[in-house]
Amino acid sequence: MSRPPGTAASHRPWTAFVLHAATPEASWCAVCKAWTCLTVGLLLLTPDGISTVGTRTWCEICDDTDHPLPPRRIDRG
Ligand SMILES: [Zn+2]
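Residues numbered from 1 in each chain as written. Predicted model: local features only at pLDDT ≥ 70, side-chain atom pairs only at ≥ 80, totals over all residues.

### Notes on the overall build of the protein chain
So, step 1. The helix and strand tally for the protein chain stands at zero helices and four strands.
So, step 2. For the protein chain, the proportion of its 77 residues judged to be buried stands at 1%.
So, step 3. Contacts in the protein chain between residues far apart in sequence, at least 24 positions, make up 29% of those at least 6 positions apart. (Helix = DSSP H or I, 4+ residues; strand = E, 2+ residues; numbered from the N terminus. Buried ≥ 20, exposed ≤ 12 C-beta atoms within 10 Å, placed from the backbone. Contact = placed C-beta atoms within 7 Å.)

Here is the structure:
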């Protein structure tokens, strides 16, 4: 039982795709009321050229899961 010749995957041509983030742009976050919202375009680099595949938006404060904001409260002591 041997594999027929010509079926090896090593001769398959392959194409390199590179996902690249464009320069982020800061904007206003309506949740935490600060200039901390970032929008970045996602660029896909292929042998045929560059195409935009989408954008990603997040807030430095709201989306920081490592250091979430403490719950806001008013001290009425
Ligand atoms: Zn925010």
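### What about the pairing of strand 4 (residues 49–59)?
So, step 1. Strand 4 sits mainly on the outside: zero of its 11 residues count as buried.
So, step 2. Two strands pair when backbone bridges link them, and strand 3 (residues 34–46) and strand 4 are joined in this way by 10 bridges, in the antiparallel orientation. In the sheet register, Thr 39 faces strand 4, and the bridge partner there is Thr 57. (Pairing = 2+ DSSP bridges.)

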